[in-house]
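Residue strings, one per chain:
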Amino acid sequence: MQNALTSLNEKQREAVAALHGPVLVLAGAGSGKTRVLTHRLAHLIGTKTATPQQLLAVTFTNKAAAEMRARVSALVGEAAARQMALGTFHGLGVRLLRAQHKYAPRSANFTIVDTTDSERLIREACTSLNISPQQVTPRNIRSMISKAKSTQTSPEAFAAEVQSPIAEAAARVYPLYEQLLAQNDGYDFDDLIIAPLQLLAEHEAVRRRYQQQWRWLSVDEYQDTNPPQDALLKLLLGPEQNLCAVGDDYQAIYSWRGAQVDHILQFETQFPGCTTIYLTQNYRSTSPILEAANQIIAVNEDQKHKELWTDEKTGEAVQVLAVTSDRAEASSVCTGVQDAIEAGGAAGECAILYRTNAQSRAFEEELMLHNIPYQIVGGIRFYDRAEIKDAMAILHLTVNPNSALALERITKAMIVGVGLKTIARIKLYAREHKMSLIEALSDDAVLTSRLQASYAPLTRALAEAQSQLKDSPMGATMEQLLKGSGYLASLKDVERSEERLENIAELINVAAGYTDAASFIEDVALMSDIDQTTDAKDRVLCMTLHAAKGLEFEQVWLVGCEEGLLPHRNSIDRPAELEEERRLLYVGMTRAKRQLTLSHASTRTLHGESLPQAPSRFLADLPESVTQTDLAGEATAAALDDTITGGLWDLEGRDVGEIVSHPQFGPGVIIQISGSLITCVFEGHGVKTLDASMAA
DNA sequence: GCCGACAGATTTTTT
DNA sequence: ATCTGTCGGC
């Protein structure tokens, strides 16, 4: 085995060697944080301080977990790495709830209720409470309830502090929603953290058991943990307090789902005498990129100040690309990507990052047009597609024949003549007669023989699968289920039939990698799109800034740097959220290794109409010395029409986003006006702030 | 219970 | 511009 301490810098080595007690690693972007985490785990094992079974490592995404396991594997061998507990918070929650279901509020075969299903339940609750979805959308209510759950607020407590009419509606829905979850034997995403937390808090013996089992804990992306997650960690933490928290407050971008930067900022207060290590040497980006990113983030106030540095002295300037429309933006960026590929770079070295998923479409169309291989990450998740959810619902019924959500889903998809009313009758009858929903489907007292016959292929396929589930591979089971139940046939004469069948084929492919249905279902429920991105370096990746966290690319186009988008309009009047938007930009910028382009369009199509857009206020904070501007042809032409000889200094009627011409710097775009100070980006000259009260 | 036509929202980010 | 949910007629 390789020594875990070699090939690390001094700070990294310190972090890896700090094996006992609480350790805080404040790791800047690109500072080798994953390296530190993996080497630390390897070091714990290598020095025989801990056995692999005593380690628990929590990551933010499944992909990060997989990568970490692979890297630890390389250091300590596969056998040892396999024995570590390594996964996401939600994965950990599922594991605890399955193992300890006796102490938990649901069965061992519980259903994971994803956001869509959760919204469906809320809708149901609204209907029965006579709350019209007109005024308060179920989505809105769902997010309020989710926020309440992720700040550990009970239905009662929530009701007590209701402020708005919307909250009042949510307060009425909340308890009913919880009831519906229980009826469906389901946990929603929040429950997957909260339920284990309660379980551990209430059962000392169970808590002890895990504290003794996992004596070394580590957590990645600690800045993005929410209170229940933090509490869960602390309950799992035994008396030795062996917790290694790694994160970067500069990269905290999940406060909207209840994450608290305070967890990382207060770590040293929470654990007096902890070892704190700062990793600030960056191994990823060139110095212009780093300098620009540093300057952007330095404007924030609510943070620990640190500055990334690099030995890399050279590098191309950060480009600011000004274009006239979102279409022009897509086309300019595509040209840039094409140039990069023609210059010998792989498509996979390029990434297009944006604030909102809605922005992806223009790029998708343009990339397709130019035959550039690409992949859109996020948006409609593969596992959220209707046919995938239908197929999973069928499989689900083999594991849990009581899942009303699954039965409803598949009924809607393929059983003609049964609607919500009949389903309600089935549910009621099954409950009263203590039989499963599936059993009730073949009961004369519930369904007419005609309807029983409609269900017959499904029930038969389920029964068959039931008997062979144990000893046949999942791929075959899945195929038999989908064929036997008639679901596959039902996809034949439907819109986008081929695509759906292809997706099903892909699902069967994935299933083939599993041996038991429960773990397959579980993984699918917790799998995000980002986890799916293969590392094949053959296509341009397009994704949101959130999804880009933890990744890196040779070239990054960070698009839509406009007021209302980045910062997003919903964040503009709240200073704390504005800081988060800035961090989002910082996260995006620090993904770039070699070349970074920030683009903004002066008009953008929204809901079908074209609206004027001002450049992001953040652009004004870019350092002049490392920035270059490209007015992308059209904009330059526009500037020539609008040349004001010496008139730049007349601010009357000038607005942010306008293209102007300066006698010395030539064409440029105004990105900020503050009193008599005017900030522009000039082609070939970068960002300049000029004083309009001074004569030219 | 089903289907088509229309109205209305949608766009912040995700496990 | 597109998608989703609701409503009315069958």
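Residues numbered from 1 in each chain as written. Chains lettered and ligands numbered in written order. Predicted model: local features only at pLDDT ≥ 70, side-chain atom pairs only at ≥ 80, totals over all residues. Heavy atoms only, no water.

*Asks:* What's the story with the overall build of chain A in this structure? I'm lost.
*Replies:* Regarding its fold elements, chain A presents 30 helices and 21 strands. By principal-axis analysis of the C-alpha atoms, chain A measures approximately 90 × 60 × 55 Å. Taking all 696 residues of chain A together, the buried fraction comes to 56%. Of all intrachain contacts in chain A linking residues separated by at least 6 positions in sequence, the fraction that spans at least 24 positions is 73%. Of the roughly 29,900 Å² of accessible surface on chain A, a fraction of 50% belongs to carbon and sulfur atoms. With 65 positive and 88 negative side-chain charges, chain A shows a separation of 8 Å between the mean positions of the two kinds. (Helix = DSSP H or I, 4+ residues; strand = E, 2+ residues; numbered from the N terminus. Buried < 20%, exposed > 50% of the residue type's maximum accessible area, 1.4 Å probe, protein only. Contact = heavy atoms within 4.5 Å. Areas by Shrake-Rupley, 256 points an atom, 1.4 Å probe, with all protein chains shown as cover. Lys, Arg positive; Asp, Glu negative; His and termini not counted. Charge placed at Lys NZ, Arg CZ, Asp CG, Glu CD.)

*Asks:* Would you mind going over empty space enclosed by the protein with me for this structure?
*Replies:* With a probe scaled to a water molecule rolled over the atoms, the places where space remains empty come into view. Evaluation of the coordinates by the stated rule reveals four cavities of 30 Å³ or more. Broken down by secondary-structure element, the contributors of at least two residues to the lining of the largest cavity are β4 (111–113), α6 (115–128), α18 (386–399), α19 (404–414) and α26 (517–526). (1 Å grid on protein atoms, 1.4 Å probe; cavity = no way out; pocket = protein on both sides within 12 Å on 5 of 7 lines; lining within 4 Å. Points joined across faces, edges and corners; volume = space filled by probe spheres on them.)

*Asks:* Even after reading the chapter, I still don't get the state of the cysteines, so can you show me in this structure?
*Replies:* Such a bond, covalent and formed between the sulfur atoms of two cysteines, is termed a disulfide. Evaluation of the coordinates by the stated rule reveals zero disulfides. A disulfide-free cysteine, Cys350 has its sulfur positioned 10 Å from the sulfur of Cys542, the nearest such atom. (Disulfide = S-S within 2.5 Å.)

*Asks:* Even after reading the chapter, I still don't get helix α7 (residues 138–150), so can you show me in this structure?
*Replies:* For α7, with 13 residues, the first-to-last C-alpha span of 18 Å sits near the 18 Å given by 1.5 Å per residue. Regarding α7, the residues found buried are Pro138, Ile141, Arg142, Ile145, Ser146, Ala148, Lys149 and Ser150. Buried residues along α7 sit against α6, α8 (155–160), α9 (165–183), β5 (186–188), α10 (191–202) and α12 (227–236). Backbone geometry just after α7 places Gln152 at a positive phi near 55°. (Expected span 1.5 Å × (residues − 1).)

*Asks:* When you look at α18 in this model, what are you seeing that I'm missing?
*Replies:* Spacing of three or four residues puts side chains on the same side of an α-helix, whose turn is 3.6 residues. For α18, built from 14 residues, the straight-helix expectation of 20 Å at 1.5 Å per residue is met to within 8% by its first-to-last C-alpha distance of 20 Å. Extensive coverage of α18 is indicated by the burial of 12 of its 14 residues. Inspection of α18 places Glu387, Ile388, Lys389, Asp390, Ala391, Met392, Ala393, Ile394, Leu395, His396, Leu397 and Thr398 among the buried residues, and these make up the whole buried set.

*Asks:* It is not clear to me how the packing of helix α22 (residues 449–468) against helix α23 (residues 474–484) should be interpreted in this structure. Could you clarify?
*Replies:* A pair of packed helices is captured by two measures, namely the crossing angle of their axes and the spacing between those axes. At a closest axis distance of 8 Å, the pairing of α22 and α23 adopts a crossing angle of 165°. Between α22 and α23, the interaxial angle falls into the category roughly antiparallel. Crossing of α22 against α23: the hand is right-handed. Only Thr477, Gln480, Leu481 and Gly484 of α23 make contact with α22, whose side of the interface consists of Pro457, Ala461, Leu462, Glu464, Ala465 and Gln468. Split into classes, the residues belonging to the contact of α22 with α23 amount to five nonpolar, four polar and one charged. (Axes fitted to C-alpha atoms, helices over the stretch in contact; angles between N-to-C directions. Parallel < 35°, antiparallel > 145°, perpendicular 65-115°, else oblique. Left-handed = near helix turned anticlockwise from the far one by under 90°. Nonpolar A, V, L, I, M, F, W, Y, C, P; charged D, E, K, R; others polar.)

*Asks:* For this particular structure, what's the right way to read the sheet that holds strand β2 (residues 55–59)?
*Replies:* For sheets, the rule is that strands pair by backbone hydrogen bonds, running either parallel or antiparallel. On the basis of which strands lie adjacent, the open sheet formed by six strands has the order β3-β2-β6-β7-β1-β8 and parallel pairing. Here the strands that pair on one side only, and so sit at the sheet edges, are β3 (85–88) and β8 (275–279). Within the sheet, the average angular offset between the axes of one strand and its neighbour, ignoring direction, is 15°. Helix α1 (residues 10–17) rests against β1 (23–27) and β8 of the sheet, and its axis sits at about 150° to β8. Set on the sheet, helix α3 (residues 62–76) makes contact with β2 and β3; between it and β3 the angle comes to about 155°. (Pairing = 2+ DSSP bridges.)

*Asks:* Sorry if this is basic, but what is going on with the packing of aromatic side chains here?
*Replies:* Here the distance between the centres and the angle between the planes together describe a pair of aromatic rings. Under the counting rule described, the total for this entry stands at nine aromatic pairs. Judged by centre distance (5.5 Å) and plane angle (85°), the rings of Tyr250 and Tyr586 are edge-to-face. Separated by 336 residues along the polypeptide, Tyr250 in the loop between β7 (243–247) and α13 (262–265) and Tyr586 in helix α29 (residues 575–589) bring together distant segments of the chain. Centre to centre, the rings of Tyr514 and Phe520 are 5.0 Å apart; their planes meet at 50°, and the pair counts as tilted. A residue is classified by how much of its surface remains accessible, and Tyr514, at 17% relative accessible area, is buried. With relative accessibility at 0%, the residue Phe520 sits in the buried group. Of the aromatic side chains, those joined through ring pairs into one cluster are Phe60, Tyr254 and Trp256. Arg209 extends its terminal NZ or CZ atom over the ring of Tyr210, reaching a point 4.4 Å from the ring centre. A cation over a ring is seen here: Lys549 above Phe60, with NZ or CZ 4.0 Å from the ring centre. (Phe/Tyr/Trp six-rings, centres within 6.5 Å; stacked < 30°, edge-to-face > 60°. Lys NZ or Arg CZ within 6 Å of the ring centre and 35° of its normal.)

*Asks:* Sorry if this is basic, but what is going on with the protein's contact with DNA strand B here?
*Replies:* Within the structure, DNA strand B sits among 27 residues, and Arg355, Gly417, Gly419, His568 and Asn570 are positioned closest to it. Backbone sugar and phosphate groups make up 58% of those atoms of DNA strand B lying within 4 Å of the protein. In the model, a base oxygen of DNA strand B is placed 3.0 Å from a nitrogen or oxygen of the His90 side chain. Contact distances for DNA strand B include 3.3 Å between a base oxygen and a side-chain N or O atom of Thr115. (Near = heavy atom within 4 Å. Polar contact = N/O pair within 3.5 Å; in protein donor to acceptor, adjacent residues only side chain to side chain.)

*Asks:* Is there a simple way to think about the nonpolar core in this case?
*Replies:* Most often, soluble globular proteins keep nonpolar side chains buried together rather than apart. In this structure, Met478 and Phe520 are the most contacted members of the largest nonpolar core, which totals 50 residues. Tallying contributions element by element places α18 first for this core, with seven residues. Ignoring anything within four residues of it in the chain, the contact list for Phe520 reads Met392, Leu395, Met474, Met478, Leu507, Val510, Ala511 and Tyr514. Formed by 44 residues, the second largest nonpolar core is a distinct cluster that contains Ala29, Ala322, Phe553 and Leu558. (Core = buried A, V, L, I, M, F, W, Y, C linked by side-chain atoms within 4.5 Å.)

*Asks:* What should I look at first to understand the side chain of Gln375 in this one?
*Replies:* Assignment of secondary structure puts Gln375 in strand β11 (residues 374–376). One polar contact links Gln375 to Arg539, side chain to side chain, over a distance of 3.3 Å.

*Asks:* What is the right way to read the layout of surface pockets from this model?
*Replies:* By volume, the second largest pocket amounts to about 1,300 Å³. Those elements that place two or more of their residues in the lining of the second largest pocket are α16 (326–342), α17 (360–369), β11, α25 (497–511), α27 (529–532) and β15 (603–606). If you tally residues by element for the lining of the second largest pocket, the top one is α17, at six residues. The residue makeup of the lining of the second largest pocket, split by class, is 12 nonpolar, 17 polar and 14 charged.

*Asks:* Looking at this model, I keep getting lost on the pattern of salt bridges. Mind explaining?
*Replies:* Two side chains bearing opposite charge may form a pair once their charged atoms approach each other closely. According to the stated counting rule, one finds 37 salt bridges in the structure shown. With a closest N to O distance of 2.8 Å, Glu204 and Arg208 form a salt bridge. Of the two residues, Glu204 and Arg208 are both situated in helix α11 (residues 204–213); the distance of four residues between them amounts to about one turn of the helix. The exposure class assigned to Glu204 is partly exposed, which follows from its relative accessible area of 41%. For Arg594, the salt bridge goes to Glu554, with nearest N and O atoms at 3.1 Å. Of the two residues, Arg594 is situated in strand β14 (residues 592–601) and Glu554 in strand β13 (residues 553–558); the sequence distance between them amounts to 40 residues. For Arg594, a relative accessible area of 35% translates into the label partly exposed. Residues joined by salt bridges that share partners form a network here, namely Lys33, Asp220, Glu221, Asp224 and Lys549. (Salt bridge = Lys/Arg side-chain N within 4 Å of Asp/Glu carboxyl O.)

*Asks:* Just checking my understanding: could you explain the environment of Asp188 for this structure?
*Replies:* By the secondary structure assignment, Asp188 is in strand β5. Sequence separation of Asp188 and Glu178 is 10 residues, and the distance between their C-alpha atoms is 9.6 Å. Sequence-distant contacts of Asp188, defined by excluding residues within four places in its chain, comprise Val113, Lys149, Tyr177 and Leu181. At 2.8 Å, the side chain of Asp188 and the side chain of Lys149 are in polar contact. Among the polar contacts listed, one links the side chain of Asp188 to the backbone nitrogen of Asp191, at a separation of 2.8 Å.

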